[in-house]
Amino acid sequence: MSNGQSSFIEIRQINRVYFDTTGRQTVALQDVDLDIEKGEFISFIGPSGCGKTTLLRLIAGLDSPQSGTLKMEGKPVGKPSHERGYVFQQAALFPWKTVEDNIATGLKARNIYKEKKGDVAKYIDMIGLNGFEKAYPHEISGGMAQRVAIARALINEPKVLLLDEPLGALDAFTRIDLQNTIRKIWEATGTTIALVTHDVDEAIFMSDHIVIMTARPGKISEIVDVKLTGERDRNDNDFIVLRRYVLDKLHLAGGHDKPQPVPLEDRVIGGDGEAI
Ligand SMILES: Nc1ncnc2c1ncn2[C@@H]1O[C@H](COP(=O)(O)OP(=O)(O)OP(=O)(O)O)[C@@H](O)[C@H]1O
Ligand SMILES: [Mg+2]
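Quick caveat, the model's predicted, so the values are computed rather than measured.

Peer 1: Explanation requested: the pattern of salt bridges in the structure shown.
Peer 2: Pairing between side chains of opposite charge can happen when the charged atoms of each approach one another. Under the defined criterion, the tally for this structure stands at 14 salt bridges. Taking the shortest distance from any N to any O, the salt bridge between Lys-159 and Glu-73 comes out at 2.8 Å. Remark: Glu-73 occurs in the loop between β4 (67-72) and β5 (75-76) and Lys-159 occurs in the loop between α5 (142-154) and β7 (160-164); sequence separation between them is 86 residues. When its relative accessible area of 27% is taken as the criterion, Lys-159 is described as partly exposed. The class of Glu-73 is partly exposed, set by a relative accessible area of 35%. With its nearest N and O atoms 3.3 Å apart, the salt bridge here joins Glu-222 to Lys-249. Placement of the pair is Glu-222 in strand β10 (residues 219-225) and Lys-249 in helix α8 (residues 237-252), with a sequence separation of 27 residues.

Encoded structure:
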């Protein structure tokens, strides 16, 4: 993904170790290098605990590494900024605020609500929440709550939108619907998007590049380019071939239990010399 010049987001030799109270350490990320170019849609996939959230939090500036550098547009990522929107797996809305007030949060925090007021309706429309402006979080579904969370990040016009499994808890139909919405928004706004997912189809359908990670210590094992042209179709042959490839790589990454065939030479050899 790097063109040899400095990238939009540049991650170099990142290490992040967690220590618990007994001093036991977990190497969440080890020597991670990654380049993300402006406007790309990149997804992260890998077994539970391989460091996907840790990496996304570092990019957001919500956490910092023990060693290594992380830059956006050539500048070190310091603290969180509205330039890097973050959406959590659980929508984490303000329960006492309506849908439109939740979405307007960033504008108010930055004292630009007066001049940007019209954007609230714009993003409500873009994310498909028309008619629910005055609803409270307890009155809407999980899928709608995630739409609010995404709109709340988008209204700040972030340079990068970081999505940590935002669709993980949704039913299949809602999930596909929101995948389409997010892809359309990406096409319309050109915002760089980094998405964590456990769903191979989602990664292929949504992104330009799929970063496959391995567990403990968390590393990048491979970056797969999604070279599908035209409308993406989950039943298309190229899609199916890519799905099989990514699934095979994930099994090698140790994330999913799959019975492995015993190599012929390791099998017990019967008295007549036949493998049994
Ligand atoms: N605050 C923390 N303190 C101690 N260990 C942590 C902390 N946060 C994460 N870890 C550990 O670091 C490793 C990576 O965690 P992380 O949450 O980044 O994984 P993940 O790939 O997002 O997993 P999942 O797919 O389950 O969300 C795990 O082993 C986790 O237990
Ligand atoms: Mg996670």
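Peer 1: In this structure, what is going on with the site of ligand 1? I would like to understand it.
Peer 2: Taken together, 14 residues sit near ligand 1, with Ser-48, Gly-49, Lys-52, Thr-53 and Thr-54 positioned nearest. Interatomic distance of 2.8 Å between a side-chain N/O atom of Thr-53 and an oxygen atom of ligand 1. Alone, ligand 1 offers 640 Å² of accessible surface; in the complex the protein occludes 63% of this. Secondary structure elements with two or more residues in the shell around ligand 1: β2 (25-36) and α1 (52-60). The element best represented in the shell around ligand 1 is α1, accounting for three residues. Residues that form the shell around ligand 1 fall into these classes: four nonpolar, seven polar and three charged.

Peer 1: When you look at the confidence of the model for the protein in this model, what are you seeing that I'm missing?
Peer 2: With 90% of its residues at a pLDDT of at least 70, the protein reaches an overall mean of 88. Low pLDDT (under 50) marks residues 255-276, which in the prediction has 15 contacts with non-local residues, meaning those over four places away or in another chain.

Peer 1: Which parts of the structure should I look at to understand the sheet that holds β2?
Peer 2: The strands making up a sheet associate through hydrogen bonds between their backbones, and the pairing can be parallel or antiparallel. Strand order across the open sheet formed by four strands is β2-β1-β4-β5, with antiparallel pairing between neighbours. Edge positions in the sheet fall to β2 and β5, since each of these pairs with one other strand and no more. Bridge analysis of strand β1 (residues 9-19) against β2 gives eight bridges, and the strand direction is antiparallel. Bridge pairing links Glu-10 to Asp-35 in β2. Contacting β1, β2 and β4, α1 runs over the sheet at an angle of about 120 degrees to β1.

Criteria and thresholds
- Residues take numbers from 1 onward in each chain, read along the sequence in its written order.
- Throughout, the order in which chains and ligands are written sets their labels, letters from A for the former and numbers from 1 for the latter.
- A pLDDT threshold of at least 70 governs which residues receive local features in this predicted model, and a stricter bar of 80 or more applies before side-chain atom pairs are shown or counted, although totals over entire chains, interfaces and linings include all residues.
- The side-chain figures draw on all heavy atoms in the structure; neither hydrogens nor water molecules are used.
- We count a salt bridge whenever a side-chain nitrogen from Lys or Arg sits within 4 Å of a carboxyl oxygen from Asp or Glu.
- The secondary structure listing takes helices from DSSP runs of H or I that are at least 4 residues long and strands from runs of E that are at least 2 residues long, numbered from the N terminus.
- Note on classification: 1.4 Å probe, protein chains only; a residue is buried when its accessible area is under 20% of the maximum for its type, exposed when over 50%, partly exposed between these limits.
- Any residue with a non-hydrogen atom lying within 4 Å of a molecule or strand is treated as near it.
- Counted as a polar contact is a pair of N or O atoms within 3.5 Å, where, for protein atoms, one must be capable of donating a hydrogen and the other of accepting one, and residues adjacent in sequence contribute only when both atoms are in side chains.
- Residue exposure ignores everything except the shown protein chains as possible cover, and the areas themselves are Shrake-Rupley values with a 1.4 Å probe.
- Residues are grouped as follows: Ala, Val, Leu, Ile, Met, Phe, Trp, Tyr, Cys and Pro are nonpolar; Asp, Glu, Lys and Arg are charged; every other residue, Gly included, is polar.
- Per-residue confidence from the predictor is reported as pLDDT, which spans 0 to 100.
- We call two residues in contact when some of their heavy atoms are within 4.5 Å.
- Any two strands with at least two DSSP bridges between them are considered paired.
- Axes here mean lines fitted to C-alpha atoms, for a helix over just the part in contact, with angles spanning 0 to 180 degrees between N-to-C directions.

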